[in-house]
Amino acid sequence: MHLTDIREKLAARPDLTRQLAQVKEQVATCIQCGTCSGSCPNAGFMDMTPRRMWRAVLTDRVDMVFSSQTFMLCASCYVCTLRCPRGLPLTGAMAELKQVAFGLNLDRFKRSTLFYKAFMDNIRQYGRVRETEMMARYFLAVKDPRVPMSYTGMGIKLMAKHKLHPHLPTWGPGRLAPLFDRAKQQER
Amino acid sequence: MDYLYYPGCSLEGTAKEYDISCRALFEALEDRLTEIPDWTCCGATAAQCVDPFLSVVLPARNLALAEKTDTGLDVLVPCSACYLNLKKARQDLWENNALRAQVNQVLEEDGLAVNASVRVRHLLDVLTRDGAVDRVAQLSENRMKGLVIAPYYGCQCLRPYVEFDDPEQPRSMDALIRATGADVLAWDMGAVCCGASTATTKPQVGKELVGRILDQAKTAHAVVTVCPMCQMNLERFQSRSVPVVYLPQFLGLSLGMPAESLGCGMNLSDIRPVLSRVAP
Amino acid sequence: MTDQIGKTLVIGGGISGIRASLDLAQAGYQVLLLEQSDRVGGLLSQLDTQFPTSTCGMCRMLPMMERDRVDQQCLRRGLSHDNIEICVSTDLISLKGDPGNFSVSFLSQTDGGRDDCPVLVVDDEKIVRDSMKEWLSEEGYPVQTADSAAEALNLLAEGSFKVMLTDIKMPGMDGVTLLTRAKEIQPDLAVVMMTAYAAVDTAVEAMKQGALDYLVKPFDPDAVLQMVDRIFKDAVAENARKDTVDAVILASGATFFQPNLGINPYGYGRIPGVVTNLEFERMLSHAGPGGMDLVHPVTGRPVTRIAWFQCVGSRDIQTGTPFCSSTCCMISVKQSLLAKTMYPQVTEACVFYMDLRTWGKASDDYARQAKKAGVRFVRARVHSLAPGLKENDTGIPVVWLDPSGDRRESLFDLVVLAPGQHPDAFLSGFAKDQELTTDDWGFVRPEPFLSGHTNRPGIFVCGGATGPRDIHDSVTGASAAALSAMQVMASAGRQTVQNPEKTESTGLRSDGVSLFPGALVIGGGIAGMAAALAIADQGFDVDLVEKTDHLGGNLVWLQTAIEGAGSFLEEQTAAVQGHDRIRIHTRTCVADTMGRPGQWNTRLTPVKDTAENTDADRPEQLAENGSPPDKSSGGKSPDVQVRHGVVVLAVGGAEASPDRPLPDNGPGIYTQQQFQQALDQDAIDTGSPLHVAMFQCQGSREPGRDYCSRICCPRSLDQALRLKAGHPDSRVVIFYRDMMTPGLSESAYTEARKAGVVFVPYEPGNTPELAADNTGCRVNWTDPILGRAMEMAADYAVLATGIQPGLSRDLARLFGADLDRSGFFDQADIKWRPVEAMDPRVLACGICLEPGNLALTLASARAAAAKAVSLLSRETFFPGKDTARVRSAFCSLCQICIDACPFNARFIDPETRTLKVDPLACQGCGICAAACPSGAAVVTDRSLAPMIKTIHAVLNQPL
């Protein structure tokens, strides 16, 4: 992802620009001590440590921020938030970066975007998550046969334990649709 | 004591046995759970990622339903992720009047209103602080004697809201486990993250994190959990065969309840070692 | 009433309390010293060594004059002085009144003490019972616990308790019912409810039913102790002793953070090799648990690898400590250096730090010594020692991230935690009772420009009670507080104890010596003015010498930068000029001095080179200063002779000039002072978005000028905040080595980050590149965290070059003092005698003494004045028993002994042309006797023959 692309996309979305500025404000008093990165259980899997992520945010390096997967790997375990000597809401800030990344609709996060979209559609439809149908819709949207394959083993196990129930809708379609629509209106 | 009960979506699907065992255990302990009528999804991780406002509205709807029962009862939540979402929404709505007004305009659509008065509590909070320890001790007759149990708490019932236990060195399950006659494994992985939802999309993460946790549990007869996500990850990424059971399943067994009544056939890990050690 | 002897209450017997007490006692006032613990000496009595001497120097606090009036013994063992009544193991019960008339009551813990105040703790949670028992028992309360209300009622039936702390929510009978039942058994029982989180309503309800108060879980141990202490004090108040004092000095100190409280990420108390730095100090001590060996406290195996963790309960919002504790970095530097040098077995000594706070004039060099000795300094904060990392046979695994984000791991035998300083339980209670103004964290906040004054007249404060303090600042502050107490006693018309020898049955001693009762203060900056005023206010004549034609020194240009400093400077100048005991000599310097120490006769001469006399800080100039030309002896007057018994050097200093060639001195490159002046004169448009790069440590903390000037980091932060306030889009980048914001000044650092100032650390040898041309400045650097080359264009580049002292060696030597290696006044002891030379009659203050801000300058000025006043207050001194004398018949006047004497006690009497000893200055050390080639120098009562016999006896009888 190139700097100009992200800058342009951000410029077109003042709401996300504002949100990114808020993240910067939230972590402004960071002293780069590295406590967050040292305590993060997933730091080893990240392409950039949380510390470097905050530094990139603070020095306005949006190119570095959004070419990273780091915030996608945050498991929301809240250990960094608990330990940060500056008391910064780091887990929340990671979540906000996720929101900005999804909002920018970047290609690199496409699969996660589709997953969450399938999830939200599922809730909108039924009020509760129906895992079987949600996964089916997600697999359809991804259009990559390798993805459903990787979940097959798990699926069979769950099936055997009667945990996957391809049941019929118990509510009418769009159970929470009015609520979702109203929320959309409110947000504007 | 009586509670309002919010099972959450997982407990209708992959964590069915958690739901079954919760209800059975509370019945055995003579506490009444009243399921919140018409409850809906709390938004899980997805809402927070793609729509921050909905991530308040969705839990708020359930809080409003709980308030509507007009019972004044606490809401008991067995799923740590749902617990955190509901709790966070409750805190935010409590502190932020403008947000509450905005959310209420949306909830109007369902004829609901929220004022954030209801208390949200995790299953473990309820079990450790409302007197269950003594009742389990009375009823269990040390049935679990000889077992060594590794209590696994995960993250979100402990953090970021520090309510009932030490967020880094939790101990609340110790008393419950000892009340059954079993011993507690002295380990320090009880509050270490299993990878949670990241493990769904990045299996290699889950595999490594769970591997580290189970490695330290090798001297235990079983790991006990209080969250469907943790349970799923610990069972799914089994590097070695360690039985993993939900806390209410374990407590139920200690009270001599039949395994089927606690959904014990539905666990993905092989829990026969635990079942076979239970005194008849 | 007026012939009454002045008396001051000193609360706390740590080093601050001892220092203040000794200063007052030496001046002839009486002191009542109260100490809660069973000994004086405070925290310092557990430290064997202090930097930079790597020895204990506590006894150097003892008076140099009339030292026979004090037991000349190790201060860690005890203190005694004719004028000080010391009450250890004593609690302050109440304090009421006004300056000149405070009534105080206090109670020894041995009569009707805490052991007569049994406490019952009722809680179903074991951890609560155990921790409460531990805290309260440690404070001397007998504690019993019960895990249920039923058990509690049994205990209450068996024996009586003064206090009961009970949980509300318990299985079986709840706490409120217990309260009612307990009151039936024992109506006078004080009951405190303990409640979790939200259930405060019930607690309030319980108070209606007779509970005294309530505590909310999770508990702060201090709050628990305060609560129980309050109940205890109310109960015992009637047994207390009462006294009346004129002034009060609060020197109750601070307490160390307890690392096992809260989330305890380092497993203190759980992992056997994790110790606090105080515990490690004991391990290092040869009198400690390991004797001569450095061994692991549990395994007993030799320790070879040691890690130090900084900022445990400091700079950590999670522990409620946003401030820096000031001293812990240097404690760890010292411990690591000692461990490495005392024990060759130590192969790995590694200090993990965030900023290495080696502020002040001697610290940075000391840290360099540690590096040279092989101590490793790692800029990283270790997040935890758990979980998954258990101590095993090979050591404690420590994991950290290096700046680039790579994971590093090492094994250590010991992990030494450096816990921060926190306000203690006594302080918060006292501050509340006395309505003292405190800061956000509970430390007492001194009034601006009045070091040691609280908002309550007559109550003064010093040491750890004002915030985290090191020894040096505590000792200085204590003397300043003593001065304030002297002022109160003087204005109440109180007398001092004079010459007790006269009234004793032994009759009049004839060997009394006196000082000339006047002071010479050299330097008319704010330090010199403050010292002169304080001395003159106590009734002594002062000659104030200033090289330039005006008073004020650096504060003249700095006054707009410090809130309220302008009017303060104005007031001080007016007070000095209007004082009938102060003679001001502007455009004047010191020519020479005659007479002997304490009876100096100094010649002042007009400054000759008029081109230089507005430049306050030419080092070659002998002295300084003056006043407006209309008053005083002025510039053109002839030489003046002044007599004085003490001298105060306050010649100041100036901003050091950049010691490296600047890139073409391009436009926009400023020194910090120049930039400040430009800001103050509105020469810089802060209302527009500016790009400013600030460079710390320019020429400082490097060989040549190897000290930290202590003022530049806070000044840069102030400037950065001003730029950010002027225009939020201004981009300010501060390039730093370690941000030196010790103590409460850490908050400015946090504020600056909040405002969006960017901080970039660099190491010497990897300094950012600054280039300039007509278009402006350009800075290139590599960000250590991002690992990327960065660049910025700057409208201004600001160089923080630090302070250069303005004291000349000639002037210092004129009075028998000298300069230290950096050109500052050479203190007798940097920690224990911070404002005086070996000869206590030669004093110094302000930035020629050491680098510091206005508050520190004023503290040192007032401390120097306190020393001067306590010397001048004595009409006659009687020398110590053991002093040197000269057998003139043997003396060849070679003067070797004059150079050898460290106390400036030997001189040639100009009238008789014989060598004389100043009996006041002589400490009887015997160096002169050893140095004298002809046997003319001898020490009274220590003749050679018995000494030799003693040595033989020792050698022949092995111990």
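Residues numbered from 1 in each chain as written. Chains lettered and ligands numbered in written order. Predicted model: local features only at pLDDT ≥ 70, side-chain atom pairs only at ≥ 80, totals over all residues.

**Brief notes about the overall build of chain B**
Then, number 1: Scanning chain B from terminus to terminus reveals 13 helices and 8 strands.
Then, number 2: The principal-axis extent of the C-alpha atoms belonging to chain B is close to 55 × 45 × 30 Å.
Then, number 3: Out of the 280 residues belonging to chain B, those deemed buried represent 61%.
Then, number 4: Across chain B, the fraction of contacts at a sequence separation of at least 24, relative to all contacts at a separation of at least 6, is 74%. (Helix = DSSP H or I, 4+ residues; strand = E, 2+ residues; numbered from the N terminus. Buried ≥ 20, exposed ≤ 12 C-beta atoms within 10 Å, placed from the backbone. Contact = placed C-beta atoms within 7 Å.)

**Quick notes on helix α7 (residues 90–104) of chain A**
Residue and element names in this part refer to chain A.
Then, number 1: An ideal rise of 1.5 Å per residue puts 21 Å on 15 residues; α7 measures up with 21 Å between its terminal C-alpha atoms.
Then, number 2: Burial analysis of α7 places 13 of its 15 residues in the buried class, the great majority of the element.
Then, number 3: Of the residues flanking the end of α7, it is asparagine 105, one or two places downstream, whose phi is positive at about 55°. (Expected span 1.5 Å × (residues − 1).)

**What about the interface of chain C and chain B?**
Then, number 1: Of the residues lining the interface, 6 residues belong to chain C; the matching set on chain B comes to 10 residues.
Then, number 2: Across the side of chain C that touches chain B, the residue classes break down as 5 nonpolar, 1 polar and no charged. (Nonpolar A, V, L, I, M, F, W, Y, C, P; charged D, E, K, R; others polar.)

**As for the nonpolar core**
Inside soluble globular proteins, nonpolar side chains tend to come together where they are buried.
Residues and elements named next belong to chain C.
Then, number 1: Core analysis: the largest hydrophobic core is formed by 446 residues, its most contacted members being Ile249, Val415, Ala531, Val648 and Ala650.
Then, number 2: By residue number, the principal contributor to this core is helix α20 (residues 854–872), which donates 13 residues.
Then, number 3: Filtering out sequence-adjacent residues up to four positions away, alanine 531 remains in contact with Val521, Val648, Ala650, Cys845, Ala861, Ala864 and Ala865. (Core = buried A, V, L, I, M, F, W, Y, C linked by C-beta atoms within 7 Å.)

**Side note on the sheet that holds strand β33 (residues 731–736) of chain C**
Residues and elements named next belong to chain C.
Then, number 1: The 5 strands lie next to each other as β31-β38-β32-β33-β34, forming an open sheet whose pairing is parallel. Lying at the two open borders of the sheet, with one neighbouring strand each, are β31 (669–671) and β34 (758–761). Each strand axis lies, on average, 20° off the axis of its neighbour in the sheet, ignoring direction.
Then, number 2: With 5 bridges connecting them, strand β32 (residues 691–695) and β33 associate as parallel partners. The residue of β33 that forms the bridge with valine 692 is valine 732. (Pairing = 2+ DSSP bridges. Axes fitted to C-alpha atoms, helices over the stretch in contact; angles between N-to-C directions.)

**Here's the deal with the domain arrangement of chain B**
Residue and element names in this part refer to chain B.
Then, number 1: Entries for chain B in the domain assignment read domain 1 (2–123) and domain 2 (132–277).
Then, number 2: Once you take the C-alpha centre of each, domain 1 and domain 2 turn out to be 24 Å apart.
Then, number 3: Across the contact, 23 residues belong to domain 1 and 26 residues belong to domain 2.
Then, number 4: Sorting elements by how many residues they give to the side of domain 1 that touches domain 2 places helix α1 (residues 16–28) first, with 9 residues.
Then, number 5: For the side of domain 1 that touches domain 2, the per-class residue count stands at 14 nonpolar, 6 polar and 3 charged. (Domains from an automatic or database assignment.)

**Some thoughts on the interface of chain A and chain B**
Then, number 1: Counting from both sides, the interface comprises 39 residues of chain A and, opposite them, 41 residues of chain B.
Then, number 2: Breaking the side of chain A that touches chain B down by element, the ones donating at least two residues are α6 (79–83), α7, α8 (110–126), α11 (152–160) and α12 (177–187) of chain A.
Then, number 3: Take the side of chain A that touches chain B: its biggest share by element is 7 residues, from α12(A).
Then, number 4: Residue composition of the side of chain A that touches chain B, grouped by class: 23 nonpolar, 8 polar and 8 charged.

**Considerations on the pairing of strand β25 (residues 582–585) of chain C**
All names here are of chain C.
Then, number 1: Alternating residues of β25 divide into Ile582 and Ile584 and Arg583 and His585, and every residue in both groups is buried.
Then, number 2: Pairing geometry for strand β24 (residues 541–545) and β25, over 4 bridges, is parallel. Looking at β25, one finds that valine 542 is bridged to isoleucine 582.

**Some points on unusual backbone geometry**
Then, number 1: The omega torsion of the bond from B:Arg159 to B:Pro160 falls at -5°, within 30 degrees of zero and hence cis.
Then, number 2: Structurally, B:Pro160 is set in the loop between β5 (148–151) and α8 (172–179).
Then, number 3: The omega torsion of the bond from C:Phe51 to C:Pro52 falls at -5°, within 30 degrees of zero and hence cis.
Then, number 4: By the secondary structure assignment, C:Pro52 is in the loop between β2 (30–34) and β3 (84–87).
Then, number 5: Even without being glycine, B:Asp70 reaches a positive phi, approximately 60°.
Then, number 6: Counting through the fold element by element, B:Asp70 comes out in the loop between α3 (54–68) and β3 (75–77).
Then, number 7: Residue classification places B:Asp70 among the exposed positions, given that 7 C-beta atoms sit within 10 Å.
Then, number 8: With a phi close to 55°, C:Cys697 is a non-glycine residue in the positive phi region.

**What about the environment of A:Thr70?**
Residue and element names in this part refer to chain A.
Then, number 1: With respect to the helices, strands and loops of the structure, threonine 70 is situated in the loop between α5 (62–66) and α6.
Then, number 2: Measuring from C-alpha to C-alpha, the distance between threonine 70 and methionine 94 comes to 8.6 Å, with 24 residues separating the pair along the chain.
Then, number 3: Discounting residues that sit within four places of it in the chain, threonine 70 has contacts with Met46, Asp47, Met48, Pro50 and Met53.

**Remarks on the environment of C:Arg60**
Residues and elements named next belong to chain C.
Then, number 1: For arginine 60, the position within the fold is in the loop between β2 and β3.
Then, number 2: Arginine 60 sits in the partly exposed class, given 16 other C-beta atoms within 10 Å.
Then, number 3: Residues arginine 60 and leucine 165, 105 residues apart in the sequence, show an inter-C-alpha distance of 46 Å.
Then, number 4: Among all residues touching arginine 60, those that are not within four sequence positions of it are Asp829, Trp832 and Arg833.

**Examining the sheet that holds strand β15 (residues 305–312) of chain C**
Residues and elements named next belong to chain C.
Then, number 1: Taking strand neighbours across the sheet as the criterion, the 5 strands line up as β14-β20-β15-β16-β17 in an open arrangement whose pairing is parallel. The strands lining the two open edges of the sheet, one partner per strand, are β14 (274–276) and β17 (376–379). Looking at each pair of strands side by side, their axes are set apart by 25° on average, direction ignored.
Then, number 2: Pairing between β15 and strand β16 (residues 348–353): 5 bridges, direction parallel. Each residue of the ladder has a partner; that of alanine 307, found in β16, is cysteine 350.

**Observations concerning helix α7 (residues 132–140) of chain B**
Residues and elements named next belong to chain B.
Then, number 1: Where α7 is concerned, the buried positions are Ala132, Val133, Val136 and Ser140. In an axial view of α7, the angular spread of the buried residues amounts to 100°, which keeps them on one side of the axis.
Then, number 2: Considering only its buried residues, α7 is in contact with α6 (123–129), α8 and α12 (247–254).
Then, number 3: Just downstream of α7 lies glutamate 141, where phi reads positive at about 50°. (Arc of directions from axis to C-beta.)

**Comments concerning the pairing of strand β35 (residues 769–773) of chain C**
Residues and elements named next belong to chain C.
Then, number 1: Relative to strand β36 (residues 776–783), β35 runs antiparallel, the two being bridged by 5 bridges. In the strand pairing of β36, alanine 771 is matched with arginine 778.
Then, number 2: Where β35 hands over to β36, the hairpin turn is made up of 2 residues, counted between the paired strands.

**Topic: the environment of A:Met53**
Residues and elements named next belong to chain A.
Then, number 1: Within the secondary structure, methionine 53 sits in helix α4 (residues 50–58).
Then, number 2: Judged by C-beta crowding, with 28 C-beta atoms within 10 Å, methionine 53 ranks as buried.
Then, number 3: Taking C-alpha positions, methionine 53 is 14 Å from leucine 88, a pair spaced 35 residues apart along the chain.
Then, number 4: In this view, methionine 53 contacts Met48, Val65, Ser68 and Thr70; residues no more than four positions away in its chain are not counted.

**As for the packing of helix α2 (residues 14–26) of chain A against α7(A)**
All names here are of chain A.
Then, number 1: Between α2 and α7, whose axes approach to 10 Å, the crossing angle comes to 160°. One way to sum up the angle between α2 and α7 is to call them roughly antiparallel. With respect to the hand of their crossing, α2 and α7 are arranged in left-handed fashion. The segment α2 lies against α7, with Leu16, Gln19, Leu20, Val23 and Gln26 engaging Ala93, Glu96, Leu97, Gln99, Val100, Gly103 and Leu104.
Then, number 2: Partitioning the contact of α2 with α7 into residue classes produces 7 nonpolar, 4 polar and 1 charged. (Parallel < 35°, antiparallel > 145°, perpendicular 65-115°, else oblique. Left-handed = near helix turned anticlockwise from the far one by under 90°.)

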